[in-house]
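Next come the chains, spelled out residue by residue.
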Amino acid sequence: MRKILAIFAFCLLAAAASAGGGFVRVEGKDLVRPDGSKLFITGTNLGNWLNPEGYMFGFKKTNCEWMIDLMLRQMVGPDEAAAFWSAFKDNYITRDDIRFIASTGANTVRLPFNYKLFTDEDYMGLTARQDGFARVDSVVEWCRESGLYLILDMHDCPGGQTGDNIDNGYGYPWLFESEASQRLFVKVWRDIASRYKDEPVILGYELMNEPIAHYFENKDELNAKLEPLYKRAVKAIREVDPNHVILLGGARWNSDFFMFTDWKFDANIMYTCHRYGGPATAEAIKSYIDFRDKTGLPMYMGETGHNTDEWQADLVKVMRDNNIGYTFWPYKKVDNSCMNAVARPEGWDSIVVKFAEADRTTFDDIRRARPSQAEARRVLARYIENIKFANCRPQTGYIKSIGLKAE
């Protein structure tokens, strides 16, 4: 049955791509397929794959990629750490995962990524010859086969755009203080747009995830810099790519939009919000609905979830009733609260998590906390086995709660 559904979905996407230029576009408050039909986004996020986050491994203190990478190097050495990342990227998301997502009736996946995948900076075990384009090319092909659209989300921007662990930065949104970081931000997006300008599987480009946390005394000054930087990046993208939708998120976890005034500076832009916790009611997301109605442009819930099945089902109804498409967060992580759960291997908590959470301030601390090399390597290898699609556990209740089908 899954194979039949995948073939049918592929035929629909192929037919759509052959009409009207092949690209999803903004039309008023809706997204429209090339054949003129409305696209209401439903799907999931491929989080943790190309932007590792500690909690999805079961870590608390070690909660972003550079901290996880440092921990791995301290525990098993740089060569083994690089080998772990290579195996992780090869196995965490594969063609089988994309086929599974499509079988649930989803139509879109959002792909969070770190900008470093498109530079020669040190990231996930590589320096020169980063593999960002190769990884995205694979997802594009898998989505084409399964009839899914793809949103590219720069989750981690040069310098850090948020000022918290989610941007893999250094505790402040330095992107907005650094001209060099802004130039690199714009360049990476222009490079991505140049490569994928003719690719209809890609729905659009989400320029940055959750910019400008609310912690900072100068947040008003930072907020004022958001729209100008968006305009600068959009201008560079449009020099090479007139086709794709561009998605813009607001400050404070994609929840504030008051800093935007020139809402329609481009003919093919839309806005994206996030919501975690609170009541699952229309009143709770009224500010998003109001901004959508004021601008006359689509609003899309790029992230939500990590709640009870009842809460998620209620929020899905609210979003459907109010024409706000959605991709739940995340597709895969340890334990649960996702579409496909990873089991913690034997020894994961007592060896890997224990070391990740240990005091490693000094070299003496590292030596005292470091586990047996052989044991640590064995547990890491088991984890790699457990993340493979065949060894994950579909979360039936979760899948149904987000408005999708579970077998």
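Anyway, here's the lowdown on the structure attached to this text.

1. Structural notes on the pattern of salt bridges
Applying the stated criterion to the full structure yields 36 salt bridges. Look at the salt bridges and you will find they share partners, linking Lys89, Asp90, Asp131 and Arg135 into a network.

2. With respect to the sheet that holds strand E10 (residues 299-304)
The sheet built from eight strands closes into a barrel, its strands ordered E4-E5-E6-E7-E8-E9-E10-E11 with parallel pairing. This sheet shows a mean twist of 30° between the axes of neighbouring strands, independent of strand direction. Pairing of strand E7 (residues 202-206) with strand E8 (residues 245-249) involves three bridges; the strand directions are parallel. If you follow Glu206 over to E8, its bridge partner there is Leu247.

3. Observations concerning the side chain of Gln130
Topologically, Gln130 is positioned in the loop between strand E5 (108-114) and helix H5 (132-146). Within the structure, Gln130 has its side chain in polar contact with the backbone oxygen of Glu121 (distance 2.9 Å). Among the polar contacts made by the side chain of Gln130, one reaches the main-chain carbonyl oxygen of Tyr123 at a distance of 3.2 Å. In contact with Gln130, not counting residues within four places along its chain, are Lys116, Leu117, Thr119, Asp120, Glu121, Asp122 and Tyr123.

4. Brief notes about the nonpolar core
Counting 126 residues, the largest nonpolar core has Phe88, Leu152, Phe185, Tyr205, Leu207 and Tyr383 as the members making the most contacts within it. Those residues in contact with Phe185, other than ones at most four positions away along the chain, are Met154, Cys157, Pro158, Leu175, Leu207, Met208, Leu229 and Ala233.

5. Topic: the sheet that holds strand E2 (residues 30-32)
Pairing is antiparallel across the open sheet formed by three strands, whose spatial order is E1-E2-E3. Only two strands of the sheet have a single neighbouring strand rather than two, namely strand E1 (25-27) and strand E3 (38-39). Taken together, the two bridges between E2 and E3 define a ladder with antiparallel strand orientation. Residue pairing in the sheet places Val32 in a bridge with Lys38 of E3.

6. Describing unusual backbone geometry
In this structure, the amide linkage connecting Trp329 to the following residue, Pro330, adopts the cis form with an omega of -15°. Its place among the elements puts Pro330 in the loop between strand E11 (325-328) and strand E12 (332-334). The backbone of Arg129 sits at a positive phi, close to 60°, despite the residue not being glycine. Within the element layout of this structure, Arg129 appears in the loop between E5 and H5. The exposed category is assigned to Arg129, whose relative accessible area is 71%. For Arg252, which is not glycine, the phi dihedral falls at a positive 55°.

7. A look at a nonpolar patch on the surface
A surface patch of nonpolar side chains, about 440 Å² in accessible area, is lined by Trp66, Leu70, Tyr170 and Trp174. With respect to the secondary-structure elements, Trp66 resides in helix H2 (residues 65-76). Taking the relative accessible area as the measure of exposure, Trp66 reaches 31% and is therefore partly exposed.

8. Considering the packing of helix H6 (residues 179-196) against helix H8 (residues 226-238)
It is the contact of H6 with H8, at a shortest axis distance of 8 Å, that shows an interaxial angle of 35°. Crossing of H6 against H8: the hand is right-handed. Listed contacts from H8 to Glu179, Gln182, Arg183, Phe185, Val186, Trp189, Arg190 and Ala193 of H6 are Leu229, Arg232, Ala233, Ala236 and Ile237. Partitioned by chemical class, the residues of the contact of H6 with H8 number eight nonpolar, one polar and four charged.

9. Re helix H10 (residues 286-295)
Within H10, burial applies to Tyr288, Ile289, Phe291, Arg292 and Thr295. An end-on view of H10 places all buried positions within 165° of arc, on one side of the element. Along its buried surface, H10 packs onto helix H9 (251-254), strand E9 (269-275) and E10. A positive backbone phi angle near 70° is found at Gly296, which sits one or two residues after H10.

10. A closer look at the packing of aromatic side chains
Throughout the structure, instances matching the rule amount to 32 aromatic pairs. Between Phe133 and Tyr196, the aromatic rings sit 6.1 Å apart at their centres with planes inclined by 45°, giving tilted as the arrangement. Note that Phe133 is positioned in helix H5 and Tyr196 in helix H6, a separation of 63 residues in sequence. On the basis of relative accessibility, which here comes to 22%, the residue Phe133 falls in the partly exposed class. Tyr196 sits in the buried class, given a relative accessible area of 4%. An aromatic cluster is defined as three or more aromatic residues linked by ring pairs; in this entry it consists of Phe57, Phe59, Phe84, Trp85, Phe88, Tyr92, Trp348 and Tyr383. Over the face of the ring belonging to Tyr92 we find Lys332, whose NZ or CZ atom lies 5.2 Å from the ring centre. Between Arg360 and the ring centre of Phe355, over which it is positioned, the NZ or CZ distance is 5.3 Å.

The rules behind these values
Residues numbered from 1 in each chain as written. Predicted model: local features only at pLDDT ≥ 70, side-chain atom pairs only at ≥ 80, totals over all residues. Heavy atoms only, no water. Salt bridge = Lys/Arg side-chain N within 4 Å of Asp/Glu carboxyl O. Pairing = 2+ DSSP bridges. Helix = DSSP H or I, 4+ residues; strand = E, 2+ residues; numbered from the N terminus. Axes fitted to C-alpha atoms, helices over the stretch in contact; angles between N-to-C directions. Polar contact = N/O pair within 3.5 Å; in protein donor to acceptor, adjacent residues only side chain to side chain. Contact = heavy atoms within 4.5 Å. Core = buried A, V, L, I, M, F, W, Y, C linked by side-chain atoms within 4.5 Å. Buried < 20%, exposed > 50% of the residue type's maximum accessible area, 1.4 Å probe, protein only. Patch = residues over 30% accessible without salt bridge, like charges linked within 9 Å, V, L, I, M, F, W, Y side chains within 5 Å. Areas by Shrake-Rupley, 256 points an atom, 1.4 Å probe, with all protein chains shown as cover. Left-handed = near helix turned anticlockwise from the far one by under 90°. Nonpolar A, V, L, I, M, F, W, Y, C, P; charged D, E, K, R; others polar. Arc of directions from axis to C-beta. Phe/Tyr/Trp six-rings, centres within 6.5 Å; stacked < 30°, edge-to-face > 60°. Lys NZ or Arg CZ within 6 Å of the ring centre and 35° of its normal.

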